[in-house]
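Residue-level listing of the chains:
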Amino acid sequence: MKQTKTYLTRILVLTVMVFSLLMTGVTTAHAEINVEAESAILVDAETGNILFEKESDIALPPASMTKVMTEYLVWEAVENGEISWDTTTEISEYAYSISANNSFSGVGLRLDHEYTVQELYDAMAIYSDNATTIALAELIAGSEGEFVKMMNKKAEEMGLENAEFVNSTGLSNSSLGENYPEGTNPDDNNLISAKSMAKLAYHLINDYPEALEISSVPTQEFEGNEMINYNWMLPGMPGHIAKYTYEGLDGLKTGRTELAGHTFTGTAKRDGTRLISVVMRTDSVEERFEQTQKILDYGFNSFSNQTLFESGHQIEGESTLPVVNGKEEEVEIASAEPIETMVREGEEDQYSVNYQINEEVLNDEGALEAPVEEGLEVGELVLTYDGEQSYGNILSDESTNSVPVETNDGVEKSNWFMLMLQAIGDFFVGLFNSIKGLFA
């Protein structure tokens, strides 16, 4: 009897241990990661959904990550036909003085020599060259001061909260000497939050995806000299830095000043899913890449892009709209497309949907007027996350998790005789209700 009790006790202990381990595994799968950076964020590049954040609203100096805004404005100028990639320009004395300063990253530009926009952009995007950045700003706006106005206007258009640009490069204005841009102060610094930096990267990647073809170049020659990308996580990097290679990573921009510390905006694509990460104020060059890897690993390992509701989905009890003056009194509605989103592992059941019907397609009584066409868009099917770990979306003013709702069938308009009978019927129903009300 004593042996039996001992045996049962051991089984009970082992069961509790196994259960505890299983629960620990579940907790670990959903536990937040510890990112050693003052500020950080991870975003789904398709929807803008935030998958992780740490103090992401704090405005900090971005250093050379500033150049992402300059890159965007270059692409926009090319798209608008203001410049082309073959447009040439000479270097100003100001840009030359920055290029000749060994304290800054640069390719060594020459005076009285014409460079193409493509050459200048490549040096900026690959080698983080400050002088070529200034040259592009001066070419597009006439002066860096005017270009800064364009940067801040674009930041406002994009909704980049806590963002303030004072120069095109990300250097401190104090490093520019007397050449600091007009309209700014000599000790000013660019400021932006990790969230707004992720939003800026989102716009560059989605509006001008070709930018990744340049940001992903590991090495390239410039006038006979080799430019090595400061982004060590790119596949194909040379020598000992190749150990930082991250599968699928193809951008975007590093940054470093004494005030900013070591910063990095990264983006990687795996199995059709693209993520954007930002780390600000890490302690070293290596740290910014190690923390970026930690964040991206968390995203790719803990989330997956899933179809939660198929095309043709209907909400029970709400799948029809009333129709007036038609051969049918109602019409079925359903989603026209599947709803997809990034889902944290184990949270597939934490989502629901609701209809948002466009009031403009309805009459004053809240019905559709016949005739009604099949495939008429009447609203949206909106996805809602009902779980506890939601960080929101960087595109707060846009509805990203919704698909159109359309009519499944068409409804013909009723003929004049049926409309007359219906009107007579409506008259007597109204009269009856009125009389009934008098005796109530």
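Now for a quick tour of the structure. (Residues numbered from 1 in each chain as written. Predicted model: local features only at pLDDT ≥ 70, side-chain atom pairs only at ≥ 80, totals over all residues. Heavy atoms only, no water.)

### Some remarks on the pattern of salt bridges
Here the structure, examined in full by the defined rule, presents 9 salt bridges. Among the salt bridges present, the one from Lys-154 reaches Glu-76, with a minimum N-O distance of 2.7 Å. In this pair, Lys-154 is assigned in helix α6 (residues 144-158) and Glu-76 in helix α2 (residues 67-79), connecting sequence segments 78 residues apart. For Lys-154, a relative accessible area of 11% puts it in the buried group. Here Glu-412 makes a salt bridge to Lys-327, at a shortest N to O gap of 3.1 Å. Linking Glu-412 in the loop between β19 (402-407) and α10 (416-438) with Lys-327 in the loop between β13 (320-324) and β14 (330-335), this pair joins segments that are 85 residues apart in sequence. The class for Glu-412 is exposed, based on a relative accessible area of 51%. (Salt bridge = Lys/Arg side-chain N within 4 Å of Asp/Glu carboxyl O. Helix = DSSP H or I, 4+ residues; strand = E, 2+ residues; numbered from the N terminus. Buried < 20%, exposed > 50% of the residue type's maximum accessible area, 1.4 Å probe, protein only.)

### Describing the side chain of Asp-129
Locating Asp-129 in the fold gives a position in the loop between α4 (117-127) and α5 (130-141). The buried charged residue Asp-129 lacks any salt bridge, with Lys-67 as its nearest oppositely charged partner at 7.7 Å. Residue contacts for Asp-129: discarding those within four places in its chain leaves Lys-67, Ser-105, Gly-106, Val-107, Ala-123 and Met-124. (Lys, Arg positive; Asp, Glu negative; His and termini not counted. Contact = heavy atoms within 4.5 Å.)

### Some thoughts on the packing of aromatic side chains
A full pass over the atoms with the stated rule returns 14 aromatic pairs. Centroid distance Trp-85 to Tyr-121: 5.4 Å. Interplanar angle 80°. Geometry classified as edge-to-face. Placement of Trp-85 in the loop between α2 and β4 (88-89) and of Tyr-121 in helix α4 is noted, with a sequence separation of 36 residues between them. Accessibility expressed as a relative area gives 0% for Tyr-121, which makes it buried. With a centroid separation of 6.0 Å and an interplanar angle of 20°, the aromatic rings of Tyr-115 and Phe-222 are classed as stacked. Residue Tyr-115 is found in strand β5 (residues 115-116), and its partner Phe-222 is found in strand β7 (residues 219-222); the two are separated by 107 residues along the sequence. For the pair formed by Tyr-115 and Phe-222, the shared burial category is buried. Through a chain of ring-to-ring contacts, the aromatic side chains of Tyr-72, Trp-75, Trp-85, Tyr-121 and Tyr-208 assemble into a single cluster. (Phe/Tyr/Trp six-rings, centres within 6.5 Å; stacked < 30°, edge-to-face > 60°.)

### Comments concerning the sheet that holds strand β10 (residues 261-270)
Ordered in space as β2-β1-β11-β10-β9, the 5 strands form an open sheet in which the pairing is antiparallel. Looking at strand neighbours, the two that pair on one side only are β2 (50-54) and β9 (249-257), the edges of this open sheet. Taking the axes of each pair of neighbouring strands and ignoring which way they run, one obtains an average angle of 5° across the sheet. Bridge count between β9 and β10: 8 bridges; the pairing is antiparallel. Residue pairing across strands places Thr-257 opposite Gly-261, the latter belonging to β10. Set on the sheet, helix α9 (residues 285-302) makes contact with β1 (39-44), β2, β9, β10 and β11 (273-282); between it and β11 the angle comes to about 145°. (Pairing = 2+ DSSP bridges. Axes fitted to C-alpha atoms, helices over the stretch in contact; angles between N-to-C directions.)

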